[in-house]
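Structure assessment
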Amino acid sequence: MTRDAPPTALQADDLSFEVEAKSLLERVNLHADCGQLVGVIGPNGAGKSTLLRAMAGVLRPDEGGVWLEGADLASLSARDVAARLALVPQLAPYAHGFTVRELVLMGRYPHLGRFEIEGPADDRIARDAMRLTQTEEFEARTLDTLSGGERQRVFVSRALAQQPRVLLLDEPTANLDVLHKLRVLDLVRRLVDEGLTAVAAIHDLGMAARYCDRLILLSTGRVLAEGTPEEVLLPEIIESAFGVESAVYRDPVTGSLAISVIGPAESNGSATAARANGQSGREDLQADAVASAAKAGRA
């Protein structure tokens, strides 16, 4: 007896989008199954933000379509989309004068009637979202008094207050320090394991490999590779997309893939030698990592 495949929560079919005759997306396909974290990776200008905005309904593609839980996104009202899907943008929208609590409570609007105001249940959901992102201490402060990283966590809180079934995140850790990067991605991973579906544009390839179930690699608006981290994060694919030589190995502490960038592909002689050595270079990196971990354990 075979198990049924999980249903697709969000799907993009042949998305194409142009601005001033420049193609930002060219026949891009992406699917995210229920309870899955899909990472969108690629160099600057690859089309990651454009793809997420199109999948959220913020941009209307020139060609192709988006399906949210089996429904054509274009046929749904903005309120219906917001009740199912939340987007955390890379650049926080203008919200001058609002307190953190007021902003997070805005996440409840899709679930309220036309003339309904927030009640105790909405306040509780907002506070739970702030607790999850550790932004409770900021609730009475206005957005303009927060750092970029603190604001980013507040907008994650607002998205969680929507109680979406699908969460889109555009570079959610871009302005965060190392600790809060881990906390945000740990939180997203935990929510995904509990049934949320998430698609996240992630700049850090190591973080993408560690947290994502599947990856889609964009380059100049096209899909260059997709699959598991092991299938996508190969040195030759990384070189093709980013123009750098790299060594990919298994981190001995986390067990996930780790990527060490050696240098520009076209000019670094040592990088070429490392690629020629292939497996031995990766084994040396892993041995160094094991030794470092053991040393840290003795300290």
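Presented here is an overview of the structure given in this document. (Residues numbered from 1 in each chain as written. Predicted model: local features only at pLDDT ≥ 70, side-chain atom pairs only at ≥ 80, totals over all residues. Heavy atoms only, no water.)

Examining the overall build of the chain
How we decide: In DSSP terms, a helix is any run of H or I states spanning at least four residues, a strand is any run of E spanning at least two, and both are numbered starting from the N terminus. Each residue is placed in one exposure class: buried if its accessible area under a 1.4 Å probe, protein chains only, is under 20% of its type's maximum, exposed if it is over 50%, and partly exposed if it falls in between. Contacts are assigned to residue pairs that have any heavy atoms within 4.5 Å of one another. Only the protein chains shown count as cover for residues, and all accessible areas are computed by the Shrake-Rupley method using a 1.4 Å probe.
What the chain contains, in helices and strands, is 11 helices and 12 strands. Counting all 299 residues of the chain, 46% fall into the buried class. Of all intrachain contacts in the chain linking residues separated by at least 6 positions in sequence, the fraction that spans at least 24 positions is 64%. Within the structure as shown, the chain displays about 15,100 Å² of accessible surface, and the carbon and sulfur contribution to it stands at 50%.

As for the pairing of strand β7 (residues 166-170)
Applied cut-off: Strands are treated as partners if at least two bridges between them are detected by DSSP. With strands facing away from the observer, any crossover in which the path from the first strand over the helix to the second runs clockwise is taken as right-handed.
When you tally the buried positions in β7, you get 5 out of 5 residues, the bulk of the element. Every second residue of β7 is oriented toward a common face, with Val166, Leu168 and Asp170 on one face and Leu167 and Leu169 on the other, all of them buried. Bridge analysis of strand β6 (residues 85-88) against β7 gives 4 bridges, and the strand direction is parallel. Across the sheet, Leu87 pairs through a bridge with Leu168, a residue of β7. Examined bridge by bridge, β7 and strand β8 (residues 197-201) share 5 bridges and lie parallel to one another. Counted as the bridge partner of Leu169 is Ala200 from β8. The β-α-β motif built from β7, the intervening helix α6 (residues 178-193) and the parallel element β8 has right-handed crossover chirality.

What to know about the nonpolar core
Note on soluble globular proteins: their nonpolar side chains tend to be buried together. Filter applied, for reference: Take the buried Ala, Val, Leu, Ile, Met, Phe, Trp, Tyr and Cys residues and link them wherever side-chain atoms come within 4.5 Å; each set so joined is a nonpolar core.
Of all hydrophobic cores here, the largest spans 52 residues; its most connected members are Leu37, Ile41, Val100, Val104, Leu167 and Leu233. The residues touching Leu167, leaving out its near neighbours within four places in the chain, are Ala86, Val88, Ala159, Leu160, Leu196, Thr197, Ala198 and Val199. Counting residues in each nonpolar core, the second largest holds 31 residues, with Ala9, Val40, Val66 and Val81 among its members.

Let's talk about the pattern of salt bridges
Selection criterion: We count a salt bridge whenever a side-chain nitrogen from Lys or Arg sits within 4 Å of a carboxyl oxygen from Asp or Glu.
Inspection of the entire model under this criterion finds 15 salt bridges. One salt bridge connects Asp213 with Arg189, and the closest N-O pair in it is separated by 3.2 Å. Of this pair, Asp213 sits in the loop between α7 (205-211) and β9 (214-219) while Arg189 sits in helix α6, and the two are 24 residues apart along the sequence. Look at Arg189 and you get buried, because its relative accessible area is 17%. Connected through shared salt-bridge partners, Glu69, Asp80, Arg84 and Arg165 make up one network.

Section: the packing of helix α4 (residues 120-133) against helix α5 (residues 148-161)
Cut-off, in case you're wondering: In this analysis an axis means a line fitted to C-alpha atoms, helices contributing only their contacting stretch, and an angle means the value between N-to-C directions, from 0 to 180 degrees. Roughly parallel refers to an angle under 35 degrees, roughly antiparallel to one over 145, roughly perpendicular to one between 65 and 115, and oblique to any angle outside these ranges. Put simply, a crossing is left-handed when the front helix is turned counterclockwise from the back one by less than a right angle, and right-handed when it is turned clockwise.
The interhelical angle for the contact between α4 and α5, taken along N-to-C directions, is 140 degrees, at an axis separation of 8 Å. Between α4 and α5, the angle is such that the two are oblique. Considering only the axes of α4 and α5, their crossing is right-handed. The segment α4 lies against α5, with Ile125, Ala126, Ala129, Met130, Leu132 and Thr133 engaging Arg153, Val156, Ser157, Leu160 and Ala161.

Brief notes about the sheet that holds β8
Spatially, β6-β7-β8-β3-β9-β10 is the arrangement adopted by the 6 strands of the open sheet, whose pairing is mixed. Looking at which strands have only one partner, the edges of the open sheet turn out to be β6 and β10 (222-227). Each neighbouring strand pair of the sheet contributes to a mean axis angle of 15 degrees, computed without reference to strand direction. As judged from the 4 bridges shared by strand β3 (residues 37-41) and β9, these two strands associate in the parallel manner. Bridged to Ile41 within β9 is Leu217.

Some words on the layout of surface pockets
Put simply, the rule reads: Two kinds of site are reported from a 1 Å grid over the protein atoms alone, namely cavities, where a 1.4 Å probe fits but cannot get out, and pockets, open sets with protein on both sides within 12 Å along at least five of seven lines, and residues are called lining when an atom falls within 4 Å of a point. Grid points are joined across faces, edges and corners, and a volume is the space filled by probe spheres set on the points. Each residue gets one label: Ala, Val, Leu, Ile, Met, Phe, Trp, Tyr, Cys and Pro are nonpolar, Asp, Glu, Lys and Arg are charged, and the others, such as Gly, are polar.
Taken as a whole, the largest pocket holds about 300 Å³ of empty space. Around the largest pocket, the lining is made up of 17 residues, and of these Ala56, Ala82, Leu85, Leu87 and Gln162 lie nearest the centre. Secondary structure elements with two or more residues in the lining of the largest pocket: α2 (78-84), β6 and α5. When the residues that make up the lining of the largest pocket are grouped by side-chain class, the tally is 12 nonpolar, 4 polar and 1 charged. Estimated volume of the second largest pocket: approximately 230 Å³. Take the lining of the second largest pocket: its biggest share by element is 3 residues, from strand β4 (residues 63-68). The class makeup of the residues in the lining of the second largest pocket is 8 nonpolar, 3 polar and 2 charged.

Observations concerning the sheet that holds strand β2 (residues 22-33)
Strands sit in the order β2-β1-β4-β5 across an open sheet of 4 strands; the sheet is antiparallel. With one partner strand each, in any of the chains shown, β2 and β5 (71-72) form the two edges of the open sheet. With 5 bridges connecting them, strand β1 (residues 8-19) and β4 associate as antiparallel partners. Its bridge partner lying in β4, Asp13 is registered against Gly65.

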